[in-house]
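Below are the chains, spelled out letter by letter.
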Amino acid sequence: MRNSAFFVDCHSHVIPSGDDGAKSLRQGIELCREAAKRGTAILFATPHVWPHLPLTAEREVAVRRAYDEMQPHAGLELRLGFELTPTSRLLREDISRYELEGTGCVLVEVPFTGGINVLLRMGEHIEASGLRPVIAHPERTETVLDDPAIAEELSARGWLLQVNATSVLGLHGPGPEELAWRFLETRQASLVASDGHRTTRPPYLDAAYDRVRERLGERAPGFFDGSALGLSRQQTPSRAALTGV
Ligand SMILES: [Fe+2]
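Reading the values: the criteria
- Residues numbered from 1 in each chain as written.
- Predicted model: local features only at pLDDT ≥ 70, side-chain atom pairs only at ≥ 80, totals over all residues.
- Heavy atoms only, no water.
- Helix = DSSP H or I, 4+ residues; strand = E, 2+ residues; numbered from the N terminus.
- Rg over C-alpha atoms; globule rule 2.2 N^0.38 Å.
- Contact = heavy atoms within 4.5 Å.
- Areas by Shrake-Rupley, 256 points an atom, 1.4 Å probe, with all protein chains shown as cover.
- Lys, Arg positive; Asp, Glu negative; His and termini not counted.
- Charge placed at Lys NZ, Arg CZ, Asp CG, Glu CD.
- Donors = N, O, S within 2.8 Å, 3.2 Å for Na, K, Ca; no water.
- Tetrahedral: all angles 85-135°; square planar, octahedral: opposite > 155°, others 65-115°.
- Buried < 20%, exposed > 50% of the residue type's maximum accessible area, 1.4 Å probe, protein only.
- Salt bridge = Lys/Arg side-chain N within 4 Å of Asp/Glu carboxyl O.
- Polar contact = N/O pair within 3.5 Å; in protein donor to acceptor, adjacent residues only side chain to side chain.

Caption draft 1: The overall build of the protein chain, seen in detail. Along its length, the protein chain carries 10 helices and nine strands. Taken over the C-alpha trace, the protein chain has a radius of gyration of 17 Å; the compact-globule value for 245 residues is 18 Å, and the two agree within 12%. Summarising the internal contacts of the protein chain: among those between residues at least 6 apart in sequence, 77% fall at separations of at least 24. On the protein chain, roughly 10,300 Å² of surface is accessible, and the fraction owed to carbon and sulfur atoms is 48%. The average position of the 27 basic charges and that of the 33 acidic charges among the side chains of the protein chain differ by 3 Å.

Pasting the structure below:
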């Protein structure tokens, strides 16, 4: 167990929402409580918003009800957001309903295959709403693996790039691992998040943090403490937490 929790994890699927994440409140709560023991202070639950699983009014009510039931038992600060798969349908929506609660940011994934035109339009739509895109796991996508310069282009727009803890740990193979490290080392990426879904792919950041700390030293906390999302003042880690002693 960590001496002091300070990780801010902006990407997970711990709320049962009909997607491929937690299947029950109980499972979601267990994942949250274990994440808290492993150093997570704030965990964003970000149900998928897929073309075939949009956030209908009915689904939103169910997600918010599940959130209300989980929060008191989570053992950490659970916040709500969503992970958007870019679609032209979303371009016509009020995007503020998908904000990562209290950050002014919206989480959008890079499509796993194909071009980035709709992603670029989504990002611009988010910016036009006065919000900032957080680009989820570019290092895992065929599009960026084929052309890593795309990440540079996204980052140059001032959009925040989020790599997965599992990529840092090499669990998605050498390509995503190499790109995740490259994005952290060159500061193109600003955030490491879990993208945790279930017990076999859990929402934990401790192992990735230890690896990043070994390799990037005192720069490590900045990728994990929520400062990129403007949350650092609320979460000041103790020295013991930073050094792991
Ligand atoms: Fe995700």
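Caption draft 2: Up close: the coordination of the iron ion. Here the iron ion is held by the protein donor atoms His11 (NE2), His13 (NE2), Glu83 (OE) and Asp195 (OD), which lie 2.0 to 2.2 Å from it. Around the iron ion sit four donor atoms; with metal-centred angles ranging over 81 to 171°, the donor geometry is irregular. In the primary sequence, the donor residues of the iron ion line up as H-x1-H-x69-E-x111-D. Of this pair, His11 sits in the loop between strand 1 (7-9) and helix 1 (25-37) while Glu83 sits in strand 5 (residues 83-84), placing them 72 residues apart in sequence. In terms of burial, His11 and Glu83 fall into one category: buried.

Caption draft 3: Geometry of the side chain of Glu83. This buried residue, Glu83, is left without a salt bridge; Arg201 holds the nearest opposite charge, at 7.4 Å. Of note is the side chain of Glu83, whose polar atom sits 3.3 Å from the side chain of His137.

Caption draft 4: Quick peek at the pattern of salt bridges. All told, the structure shown has 11 salt bridges when counted by the stated rule. The partner of Arg97 in a salt bridge is Glu93, with the nearest N and O atoms 3.1 Å apart. Residue Arg182 pairs with Glu178 through a salt bridge whose shortest N-O separation is 3.5 Å. A residue pair is termed a helical-turn pair when its members lie 3 or 4 positions apart in one helix, as Arg182 and Glu178 do in helix 7 (residues 174-185) at four residues. Take Arg182: its relative accessible area is 33%, and that puts it in the partly exposed class. What you see here is one network of salt bridges that share partners, running through Glu60, Arg64, Glu93 and Arg97.

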